[in-house]
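Examining the three-dimensional arrangement
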Amino acid sequence: MDRQQAGYLAEGQTIDDEPAAVLCRDTGSVTAAAVPSAAATGPAGEPQPAMVQPPVSRRALLGAGLAGVACAVLTARKSAASDDDAIDTSPATGAPVEYIVVGSGAGGGPLACNLALAGHKVMLFEAGGANDAEDIAAVPFFSGFTTEDARIRWDYYVRHYADTAQQKRSSQYLPDKDGIWYPRVGSLGGCTVHSFMVDIYPSDSDWDHVARLTGDGSWNAEAMRGHFQQLERCRYVARSPLNPSRHGFDGWQPTEMPDPSVYASDPQIPPIMRAAAAEARDSRFSLSKLLAGTLDPNDWRLRNDRDGIYDIPLFTNNGRRYGPRQFIQETAAKLPNKLIVMTHRLVTRVLFEGKRAVGIEYLEGSHLYRADPNSKGVATPGVRKTVRASREVILAAGTFNTPQLLKLSGVGPRDELDNFGIRTIVDLPGVGRNLQDRYEVGVVTAFDDAFTFAAACRPGQAADPCFSQWLDGNGPYTGYGAVGGILQTSPTQRRDGRPNADLLISIALTRFKGYYPGYSVKDLAAPDSHNKLTWLALKAHTRNRAGTVRLRSRDPRDTPVINFHYFEEGTDKEGKDLASLVDAIQFSRRINARLTGISSGDNWPGPDVRTREQIAQWVRDEAWGHHASCSCRMGAAGDPQAVVDSKFRVRGTQGLRIVDASVFPRIPGYFILMPIYMISQKAAGEIIRDARSSASYAGSDETAAAL
């Protein structure tokens, strides 16, 4: 490593327990890693927060990040700790903060920031590090590599079926894990750090359903659009006085179109897009609009007629990934005494006095949770620490970990808690039930020639013209390789009289057959994928409600047992979700039939899978999901399966809320991040208004009113 590279790494330092650089011996390349920094000091008796660093610099990315793309996928890091199990309760005296938020992802991160901006003192807990893998994560084009980066990756292995014979039919099934890989993130920002950043507004029916279910009109679609406008900082639509598209322009979350001009010079793109538009019967489509980035799926005026082809907005700022991690970093830097960020802290349970949540217990250390591939050999820390909150504890640990935490804390189905010797505080049978997800499948199609949009790119090499373009906010790296997306109402959905487009078919210029260890190298970046296009079909508004999240043990470091009970094994006995996905594959193949002059058709599922019955079985075998939700669902007062009310409060408790994807009663349309951001925004307003109504309120009236 020369002096210039060392300087780049020094500029990009983050907080962790690693040396300034890790050399990958197989490639000789360098990945940005962390440099220890002095811990911040805090009031006596309080746990010490991690120093939240600003994102790594552009020079650090140029000098080290992309040179180590492949290396970063393979990097593993470990730490050690004591094996004693004593509990230190000394920090529990008093309440150093008003709110404790557990989880820094799409729900908890923005919530913690909004509470701090409103004048409240918040402690945000994250099991992972503060700025891990930012060298790769910042670049949208490398989202697949980010998914597999061992510095942040949490590996869950889930079952799609209880039927083992059916489960083993999946090409994604891993016999040694008895499950299918479901990648998550353990790092500041949660799964927003590895997501593909897709910003598709949910359907009005998603919100109107919650309003009817709970009897709370503040959830109706009109009101929820207001939360969208509060949080969005739209950078792809011009601000206007009337704002007919009802975008937001002053919120925390920037949204942009990736550079669409990168596809303009590829001779195969025009016939592909025109064939798609013809099959979709989209009279509004034009290639010039697509390449100008003006086909907006989130325009309020189109919400009742969304079938058609669109550009796909992303959660980026000047072509760089931007999400809760950056919002947290900026807020903590601005308000260090209001937002205290606690990284490398694994929360183990909620503390109760009677049925009132008063704080949390946690373990301090790196790589403690066993979903982390670097946890092997890491001993359990000897001291369990606690901290109290004067107002509320808010769980935002995600669809898998929030129900796990509730159960470990004594809130959940009594029979399950009894099986693990956990004292029941509140018997809530719905905790860990109603688990839902999308279904996705990809029709991989071979074309005669390689796609040219990234032909000049040299990822991992010192001279990469695409990286230089990305530094200026344009070029292929501002997106993830999808030309656009098709929203369609499947024939199955139409026959049922349902009003919403239920299929989103992304047009991805690569091979993508689903998630399995190594997929980013073996499929997305494989040399033989350069002439492949995947019609990536996502089934929105799925009907299955049968998934479960159950405890594996009472050890908080263990992952839970997760089974989605796909298709007919679940509650969709009529097979409507399955039929819609068969519709999607047939739709994609009809587009391919219009392209016989430049394409040989699909090789996944391939020519041997032709009839609807054959396609249906293939879908049962190969479908996957990546938007888990609904495991602690919201409901009406008399609903015995409801875990939270319409104000996010956990039934039967005081001072405890949940603000993450687990609270949805049914999975909202399309990609999951925007709906979570919207409920986080709504929850902040609910919590601040509750605080204002109490005698001890000391927050900002102006900020509270805005929320």
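What counts, and at which threshold
Sequence positions are assigned chain by chain, starting from 1 and proceeding in written order. Where local features are concerned, this predicted model is filtered to residues with pLDDT of at least 70; where side-chain atom pairs are given and counted, the filter is 80 or more; whole-chain, interface and lining totals use all residues. Here the side-chain values reflect all heavy atoms present in the structure, with hydrogen atoms and water set aside. Here, a strand pair is defined by DSSP locating no fewer than two bridges between the strands. Secondary structure is summarised from DSSP: a helix means a run of H or I of at least four residues, a strand means a run of E of at least two, and numbering begins at the N terminus for each. Axis definition: a line fitted to C-alpha atoms, over the contacting stretch in the case of helices. Angles run 0 to 180 degrees between N-to-C directions. Every residue pair with non-hydrogen atoms within 4.5 Å of one another is taken to be in contact. Stacked, edge-to-face and tilted labels apply to pairs of Phe, Tyr and Trp rings (six-membered ring for Trp) whose centres lie within 6.5 Å, assigned for plane angles under 30 degrees, over 60, and everything in between, in that order. Accessible area is worked out with a 1.4 Å probe on protein chains only. A residue is then buried under 20% of its type maximum, exposed over 50%, and partly exposed in between. Here the angle decides the label: under 35 degrees means roughly parallel, over 145 means roughly antiparallel, 65 to 115 means roughly perpendicular, and every other value means oblique. Crossing handedness: left-handed means the near helix sits turned counterclockwise from the far one by under a right angle, and right-handed means the same turn made clockwise. Just so you know the grouping, Ala, Val, Leu, Ile, Met, Phe, Trp, Tyr, Cys and Pro go in nonpolar, Asp, Glu, Lys and Arg go in charged, and all remaining residues, Gly too, go in polar.

1. A word on the sheet that holds strand S21 (residues 482-488)
- Pairing in this open sheet of 6 strands is antiparallel, and the strands run S11-S21-S22-S23-S20-S26 from one edge to the other. Both outer strands of the open sheet, strand S11 (308-310) and strand S26 (599-604), are each paired with one neighbouring strand and no more. On average, each strand axis in the sheet is inclined to that of its neighbour by 25°, with strand direction left out of account.
- Contacting strand S20 (439-447) and S26, helix H19 (residues 612-622) runs over the sheet at an angle of about 110° to S20.

2. Quick look at the packing of aromatic side chains
- Under the counting rule described, the total for this entry stands at 35 aromatic pairs.
- Geometrically, the ring pair formed by tyrosine 182 and phenylalanine 564 is stacked, given 5.8 Å between the ring centres and 15° between the ring planes. Taken as a pair, tyrosine 182 in strand S8 (residues 179-185) and phenylalanine 564 in the loop between strand S25 (561-563) and helix H18 (576-593) lie far apart in primary sequence, 382 residues in all. Taken as a pair, tyrosine 182 and phenylalanine 564 share a single burial class, namely buried.
- Seen from their ring centres, tyrosine 439 and phenylalanine 567 are 4.0 Å apart, and the 15° between their planes marks the pair as stacked. Of this pair, tyrosine 439 sits in strand S20 while phenylalanine 567 is found in the loop between S25 and H18, placing the two residues 128 residues apart along the sequence.

3. A short note on the sheet that holds strand S7 (residues 173-174)
- Read across the open sheet, the 3 strands follow the order S6-S8-S7; overall the sheet is antiparallel. With partners counted over all chains shown, the strands left at the sheet margins are strand S6 (153-158) and S7, one partner each.
- Examined bridge by bridge, S7 and S8 share 2 bridges and lie antiparallel to one another. In the strand pairing of S8, leucine 174 is matched with glycine 179.

4. Regarding the packing of H18 against H19
- The interhelical angle for the contact between H18 and H19, taken along N-to-C directions, is 110°, at an axis separation of 9 Å. When the interaxial angle is binned, H18 and H19 end up roughly perpendicular. For the element pair H18 and H19, the recorded crossing hand is right-handed. Contact with H18, carried on its side by Leu578, Ala579, Leu581, Val582, Asp583, Ile585, Gln586 and Arg589, involves Arg612, Ile615, Ala616, Trp618, Val619 and Arg620 of H19 and no other residues of that element.
- Looking at the contact of H18 with H19 residue by residue, the classes come out as 9 nonpolar, 1 polar and 4 charged.

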